[in-house]
Amino acid sequence: MAKSVVLLDCWPSMFGMRVRIALAEKGIDYEYREEDLRNKSPLLLKMNPVHKKVPVLIHDNKPVCESLIAVRYIDAVWKNKFPLLPSDPYQRAQAEFWADFVDKKIFDSGRKVWASKGEDQEAGKKEFVECLKVLEGELGDKPYFGGEAFGFVDVALVPFYSWFYAYETCGKFSIEAECPKLIAWAKRCMEKESVAKSLPDQHKVYDFVLMLKQKFGLD
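Since the structure is predicted, the reported quantities are computational estimates derived from the model, not experimental observations.

Rules behind the numbers
Residues numbered from 1 in each chain as written. Predicted model: local features only at pLDDT ≥ 70, side-chain atom pairs only at ≥ 80, totals over all residues. Heavy atoms only, no water. Helix = DSSP H or I, 4+ residues; strand = E, 2+ residues; numbered from the N terminus. Rg over C-alpha atoms; globule rule 2.2 N^0.38 Å. Buried < 20%, exposed > 50% of the residue type's maximum accessible area, 1.4 Å probe, protein only. Contact = heavy atoms within 4.5 Å. Areas by Shrake-Rupley, 256 points an atom, 1.4 Å probe, with all protein chains shown as cover. Lys, Arg positive; Asp, Glu negative; His and termini not counted. Charge placed at Lys NZ, Arg CZ, Asp CG, Glu CD. Expected span 1.5 Å × (residues − 1). Bend = angle between axes of the 7 residues up to and from the residue. Polar contact = N/O pair within 3.5 Å; in protein donor to acceptor, adjacent residues only side chain to side chain. UniProt positions renumbered as here; feature names shortened; annotations may be inferred. Core = buried A, V, L, I, M, F, W, Y, C linked by side-chain atoms within 4.5 Å. Domains from an automatic or database assignment. Axes fitted to C-alpha atoms, helices over the stretch in contact; angles between N-to-C directions. Parallel < 35°, antiparallel > 145°, perpendicular 65-115°, else oblique. Left-handed = near helix turned anticlockwise from the far one by under 90°. Nonpolar A, V, L, I, M, F, W, Y, C, P; charged D, E, K, R; others polar. 1 Å grid on protein atoms, 1.4 Å probe; cavity = no way out; pocket = protein on both sides within 12 Å on 5 of 7 lines; lining within 4 Å. Points joined across faces, edges and corners; volume = space filled by probe spheres on them.

A.B. asks: Just checking my understanding: could you explain the overall build of the protein for this structure?
C.D. replies: A count of helical and extended segments in the protein gives 11 helices and 4 strands. Compactness check: the protein gives a C-alpha radius of gyration of 17 Å against a globular reference of 17 Å for 219 residues, within 12% of the reference. Counting the 219 residues in the protein, one finds 47% classified as buried. Put simply, of all contacts in the protein between residues at least 6 apart along the chain, 69% involve residues at least 24 apart. A total accessible area of about 11300 Å² is found for the protein, and carbon and sulfur atoms account for 53% of it. Mean positive and mean negative side-chain charge positions of the protein (33 and 33 charges, respectively) differ by 4 Å.

A.B. asks: Sorry if this is basic, but what is going on with helix 4 (residues 89-115) here?
C.D. replies: Helical geometry note: an α-helix holds 3.6 residues per turn, so side chains three or four residues apart project in the same direction. For helix 4, with 27 residues, the first-to-last C-alpha span of 39 Å sits near the 39 Å given by 1.5 Å per residue. Along helix 4, the helix axis deviates most sharply at Val-102, where the bend reaches about 25°. Burial in helix 4 covers these residues: Ala-95, Trp-98, Ala-99, Phe-101, Val-102, Ile-106, Ser-109, Gly-110, Val-113, Trp-114 and Ala-115. For helix 4, the side-chain oxygen to backbone nitrogen distance between the N-cap and Tyr-90 is 3.1 Å, and the N-cap itself is Asp-88.

A.B. asks: Can you help me understand the UniProt feature "domain: GST C-terminal" (unreviewed entry) in the protein in this one?
C.D. replies: If you check UniProt for "domain: GST C-terminal" (unreviewed entry), the listed places come out as residues 88-208 in our numbering. Between the first and last C-alpha atoms of residues 88-208 the distance is 40 Å; the span itself is 74% helix and 0% strand.

A.B. asks: I keep staring at the nonpolar core and nothing clicks. Help me out?
C.D. replies: Most often, soluble globular proteins keep nonpolar side chains buried together rather than apart. Membership of the largest hydrophobic core comes to 62 residues, with the highest contact counts inside it found for Ile-106, Phe-128, Leu-157, Phe-164, Tyr-167 and Trp-185. If you count residues domain by domain, this core takes at least three from each of domain 1 (5-77) and domain 2 (89-216). Discounting chain neighbours no more than four positions away, the residues touching Trp-185 are Leu-139, Pro-143, Tyr-144, Phe-145, Asp-154, Leu-157 and Val-158. Grouped together as the second largest cluster of nonpolar side chains are 9 residues, Cys-10, Met-47, Val-56 and Ile-58 included.

A.B. asks: Just to check I follow, could you spell out the packing of helix 7 (residues 164-171) against helix 11 (residues 202-215) for this structure?
C.D. replies: Packed helices, taken two at a time, are described by the angle their axes make and the gap between the axes. Running from N to C, helix 7 and helix 11 cross one another at 50°; their axes reach a closest spacing of 7 Å. Here helix 11 runs oblique to helix 7, going by the angle between their axes. Considering the relative orientation of helix 7 and helix 11, their crossing is right-handed. Contacts between helix 7 and helix 11 involve Phe-164, Tyr-165, Ala-166, Thr-169 and Cys-170 from the former and Gln-202, His-203, Tyr-206, Val-209 and Lys-213 from the latter. Partitioned by chemical class, the residues of the contact of helix 7 with helix 11 number 6 nonpolar, 3 polar and 1 charged.

A.B. asks: Please clarify how the layout of surface pockets should be interpreted in this entry.
C.D. replies: Here the idea is plain: a probe the size of a water molecule rolls over the atoms and shows the empty space left. Approximately 1100 Å³ is the volume attributed to the largest pocket. Ser-13, Phe-15, Leu-37, Val-54 and Phe-107 are, among the 39 residues lining the largest pocket, the residues nearest its centre. For the lining of the largest pocket, the element with the most residues is helix 4, which contributes 8 residues. Of the residues contributing to the lining of the largest pocket, the split by class is 20 nonpolar, 4 polar and 15 charged. Lining the lining of the largest pocket are residues from two domains, each supplying at least three of them: domain 1 (5-77) and domain 2 (89-216). Of the voids in this model, the second largest pocket is the one considered here, and its volume is about 380 Å³. Put simply, the parts of the chain that give the lining of the second largest pocket at least two residues each are helix 4 and helix 6 (152-157).

Okay, structure coming up:
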């Protein structure tokens, strides 16, 4: 019997990792389908005809696209177990704000670190670290972004941790030296099975980045 939940994904995608973590937190049994983004499947093109991107969560043959929307959907449908978003409207709005900050800032600035050289790379590195420091300031001394419990902002940000080694090696800098509390938070998140089993090995991600750099002539 086919599973009612299917995830179309690509293993290095930090956006797909968000959905994997949310499904794991909720204990949802699902079918994982790895997509070759150079040769997208008919199912991916059918389920996400607008953006043609992963991840796509398919629930009862209905697609939910965009990672944070999918995480919100998972939290709403399977709401009785490990809530990811706060019930308080103001706290929920704050969580949405910081997850949106991650979406708007971290991917693009991180990409500049590994996909550029010289002055462009230095500018990207500076921007990336500044964004991480803003997030570290919001985290403060809390164990998780929402307080005592792992939640929505943690799900949004922690997948990028799997790319930190690649960023550091390509950019020749230490994120831990710049943002020690953020690294301590990431390691705390990694102690959760839902996170540890959803994030790939950092060295495997670095090898993938090296392949991308070679492919695009960025060596």
